[in-house]
Amino acid sequence: MRIAKKEMDPRKWVKPVALYLDFNAERHMKVYSDSLNNLTNEAALPSFIFDECFDYKPMLWPDMHHAISLRQMVVNKVTNRLAIQRILQDDNPLLHKVCDAEGEIEVPDGDKSFYELFWLRYAELQEEKEIGRE
């Protein structure tokens, strides 16, 4: 049995919409949080934490009218306090920048820098540690 060449085109096997609907931002952001949770003192800091407009990846949002904070999604999954301490001690001014994407949809916590989000997460982890001791 012969298969016509046009029937072998993989673009015709899967509809692009199905790929989009199957894409999960939480699962995708886990790669970023894992890189931070496994950060060693010798390793360079991952470059994505210096991208103040990291949130503006609309293909990961549920839809174009409901923006989500991808930075917050990543930071909330970081449990390595030593890694966060290392980030907070870095003197790179890019950590303190806030995205100024004018005309864009407002992103939750878009007014905070990556540094501020890490500082808040560190405080949260410290509080959990102290509560655990009591």
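Figured I'd write up the structure that's included with this text. Fair warning: this is a prediction, and the values are worked out from it, not measured in the lab.

When its secondary structure is counted, the protein shows 5 helices and 0 strands. If you list the helices and strands of the protein from N to C, you get α-α-α-α-α. The buried share of the protein, reckoned over its 134 residues, is 30%. Sequence-distant contacts, at least 24 apart, represent 71% of the contacts inside the protein between residues at least 6 apart. Accessible area for the protein stands at about 9,500 Å²; split by element, carbon and sulfur atoms hold 54% of it.

A separate point is the pattern of salt bridges. Scanning the model with the defined rule gives 5 salt bridges in all. Between Glu52 and Lys97 there is a salt bridge, with the nearest N and O atoms lying 3.6 Å from each other. In this pair, Glu52 is assigned in the loop between helix H2 (25–37) and helix H3 (70–76) and Lys97 in the loop between helix H4 (81–89) and helix H5 (114–133), connecting sequence segments 45 residues apart. Here Asp109 makes a salt bridge to Lys112, at a shortest N to O gap of 3.1 Å. Here Lys112 falls in the partly exposed class, since its relative accessible area comes to 23%.

What counts, and at which threshold
Residues numbered from 1 in each chain as written. Predicted model: local features only at pLDDT ≥ 70, side-chain atom pairs only at ≥ 80, totals over all residues. Heavy atoms only, no water. Helix = DSSP H or I, 4+ residues; strand = E, 2+ residues; numbered from the N terminus. Buried < 20%, exposed > 50% of the residue type's maximum accessible area, 1.4 Å probe, protein only. Contact = heavy atoms within 4.5 Å. Areas by Shrake-Rupley, 256 points an atom, 1.4 Å probe, with all protein chains shown as cover. Salt bridge = Lys/Arg side-chain N within 4 Å of Asp/Glu carboxyl O.

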